[in-house]
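Inside the fold
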Amino acid sequence: MYPSYIEPVFRPPSEWKSLILQVTNGCSWNRCTFCEMYTADQKAFRPKPQGDIEQELKAVSHSGMPVDRVFLADGDAMTLSFRRLEAILAAINHYLPDVQRISSYCLPRNLKNKTVAELTQLREMGLSLMYVGCESGDDEVLQRVQKGETWDSSLVALEKIRQAGMKSSVMILNGLGGSQLSEQHALHSARLMNAAQPEYLSTLVVSFPLGMERFQQGFEEGFEPLDQQGLFNEMEILLEHLTLNKTIFRSDHASNYLILKGVLGRDKAALLDKVRMAIRQPERIALREEWQRGL
Ligand code: SF4
């Protein structure tokens, strides 16, 4: 049956209508201490052979299923070389000529060995949106959670994406530094976003469905998770310091207590009002109950 998947498979919420094409399995980094997405044995990192990808695309094409968007999975498809990505995009265009948009998760380090000219060529072949899990703009937080990236490396990648004419959708993790690093996490994340001006920005609340043991190891003095008020306070600092020109902002993932949506800067004051009301007069605002948070 095609496409064939090695489960579990993850995709950004906005890719729910897309064909998920698993061109790699797992994540070649797989060390971030907050991430359990690809820790199962069957998810050891491996690129899928080109022949298998073409077979799957052929089968999808013959099925007559209309496809106008494709998401390249898993967590690290952009680690593939320029040549391999070029061959995959050529195959997508050949078998699914109606495709309008191809997207992928992208780690900043994935772009180190790709030039802007190469990325531009990939964009011309349809790869136009990169989901970049920056998680934080604070180097101490990034180091403690073993992201393997820094404020600088994240910005270099986001600028390269822009120079190639692609769009970026950035994720920041609310609560990632716990109470100890909350303020610097918010301030430096805002500074990174202001420098990068991504087209999309979303925040998720960090959560540990499989336990916190691995995560705790990065915080020798103990990690203190933020409570609901702490998460809102951190969001207030982040929003206050964002000076974005035209970024679609979403904080509506199931992990969030408070749903925030708007365009920044246009809606900054309204979004801040909502966060401040959640902090000071929570009885006047609809918050998700614990059981409504899809963790
Ligand atoms: S880089 Fe992404 S997919 Fe890989 S371990 Fe970190 S958060 Fe998970």
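Residues numbered from 1 in each chain as written. Predicted model: local features only at pLDDT ≥ 70, side-chain atom pairs only at ≥ 80, totals over all residues. Heavy atoms only, no water.

Right, let's get into the packing of aromatic side chains. All chains considered together, the criterion is met by 10 aromatic pairs. Here phenylalanine 71 and tyrosine 131 contribute two aromatic rings whose centre-to-centre distance is 6.1 Å and whose plane-to-plane angle is 70°, an arrangement assigned as edge-to-face. With phenylalanine 71 in strand S4 (residues 69–73) and tyrosine 131 in strand S6 (residues 127–135), this residue pair connects regions lying 60 residues apart in the sequence. You can call phenylalanine 71 buried: its relative accessible area is 0%. By relative accessible area, which is 4% here, tyrosine 131 ends up buried. Ring centres of phenylalanine 219 and phenylalanine 223 lie 4.9 Å apart, and the angle between their planes is 65°; this geometry places the pair in the edge-to-face category. (Phe/Tyr/Trp six-rings, centres within 6.5 Å; stacked < 30°, edge-to-face > 60°. Helix = DSSP H or I, 4+ residues; strand = E, 2+ residues; numbered from the N terminus. Buried < 20%, exposed > 50% of the residue type's maximum accessible area, 1.4 Å probe, protein only.)

Turning next to the site of the ligand. Cys27, Asn30, Arg31, Cys32, Phe34, Cys35, Met37, Tyr38, Leu107 and Lys147 make up every residue found near the ligand. Of the residues assigned to the shell around the ligand, the class counts are 7 nonpolar, 1 polar and 2 charged. (Near = heavy atom within 4 Å. Nonpolar A, V, L, I, M, F, W, Y, C, P; charged D, E, K, R; others polar.)

Side-chain direction in a regular strand flips from residue to residue, so the side chains alternate between the two faces of the sheet. Alternating residues of strand S9 (residues 247–251) divide into Thr247, Phe249 and Ser251, all buried, and Ile248 and Arg250, none buried. Pairing analysis gives 3 bridges linking strand S8 (residues 200–205) to S9, with the strands arranged parallel. Bridge pairing in S9 places tyrosine 200 opposite isoleucine 248. Of the pairings in the sheet, the one linking S9 to strand S10 (residues 260–264) comprises 5 bridges and is antiparallel in character. Following the sheet pairing, serine 251 is matched in S10 by leucine 260. (Pairing = 2+ DSSP bridges.)

The next point concerns unusual backbone geometry. Cis geometry marks the peptide bond from alanine 73 to aspartate 74; its omega dihedral reads 0°. Note on placement: aspartate 74 falls in the loop between S4 and helix H2 (82–95). Of note, glutamate 135 is a non-glycine position whose phi angle comes to about 70°, a positive value. The residue glutamate 135 is located in strand S6 in this model. Of note in this structure, glutamine 197 is not a glycine but carries a positive phi near 50°. Structurally, glutamine 197 is set in the loop between helix H6 (182–196) and S8. On the basis of relative accessible area, glutamine 197 is assigned to the buried category, the value being 18%.

Taken as a whole, the chain is organised into domain 1 (1–106) and domain 2 (132–295). For domain 1 and domain 2, the distance between their C-alpha centres works out to 26 Å. Summing both sides of the interface, domain 1 and domain 2 together bury roughly 1,200 Å²; the carbon and sulfur share of this comes to 60%. Three residues, Thr33, Phe34 and Glu36, lead the burial of domain 1 against domain 2; their summed loss comes to 55% of the area buried on that side. (Domains from an automatic or database assignment. Buried area = accessible area lost by both parts, 1.4 Å probe.)

Moving on to the pairing of S4. In terms of burial, S4 is a largely internal element, 4 of the 5 residues being buried. For strand S1 (residues 19–22) and S4, the ladder comprises 4 bridges, and the chain directions are parallel. Among the inter-strand pairings, leucine 19 is bridged to a residue of S4, identified as valine 70. Handedness of the β-α-β unit built from S4, H2 and strand S5 (residues 101–105) comes out right-handed. (Right-handed = clockwise from strand over helix to strand, strands pointing away.)

Once that is clear, we can look at the packing of H6 against helix H8 (residues 228–241). The geometry of a pair of packed helices is captured by two quantities: the angle between their axes and the separation between those axes. Put simply, H6 and H8 touch, their axes get as near as 8 Å, and they point 30° apart. Comparing their axes, H8 and H6 come out roughly parallel. For the crossing formed where H6 meets H8, the hand is right-handed. On H8, the residues that touch Ser182, Glu183, His185, Ala186, Leu187, Ser189, Ala190 and Asn194 of H6 are Glu234, Ile237, Leu238 and His241. (Axes fitted to C-alpha atoms, helices over the stretch in contact; angles between N-to-C directions. Parallel < 35°, antiparallel > 145°, perpendicular 65-115°, else oblique. Left-handed = near helix turned anticlockwise from the far one by under 90°. Contact = heavy atoms within 4.5 Å.)

Before going further, it helps to spend a moment on the nonpolar core. Ranked by internal contacts, the top residues of the largest apolar core, which has 68 residues, are Val70, Leu72, Ile92, Leu96, Leu127, Leu239 and Leu242. Looking at this core, the element that brings in the most residues is H2, giving 7 residues. Both domains that furnish three or more residues to this core are identified here as domain 1 (1–106) and domain 2 (132–295). Not counting the four nearest positions on each side in its chain, isoleucine 92 is found in contact with Leu21, Leu57, Val70, Leu72, Pro97, Val99 and Ile102. Counting residues in hydrophobic clusters, the runner-up holds 24 residues, among them Ile20, Tyr131, Met171 and Leu173. (Core = buried A, V, L, I, M, F, W, Y, C linked by side-chain atoms within 4.5 Å.)

Moving on, we get to the packing of helix H1 (residues 50–63) against H2. Between H1 and H2, whose axes approach to 9 Å, the crossing angle comes to 20°. Taken together, the axis directions place H1 and H2 in an arrangement best described as roughly parallel. Crossing handedness for the pair H1 and H2: right-handed. Across the interface between the two elements, Gln50, Ile53, Glu54, Leu57, Lys58 and Ser61 from H1 touch Arg84, Ala87, Ile88, Ala91, Ile92 and Tyr95 from H2. Of the residues contributing to the contact of H1 with H2, the split by class is 7 nonpolar, 2 polar and 3 charged.

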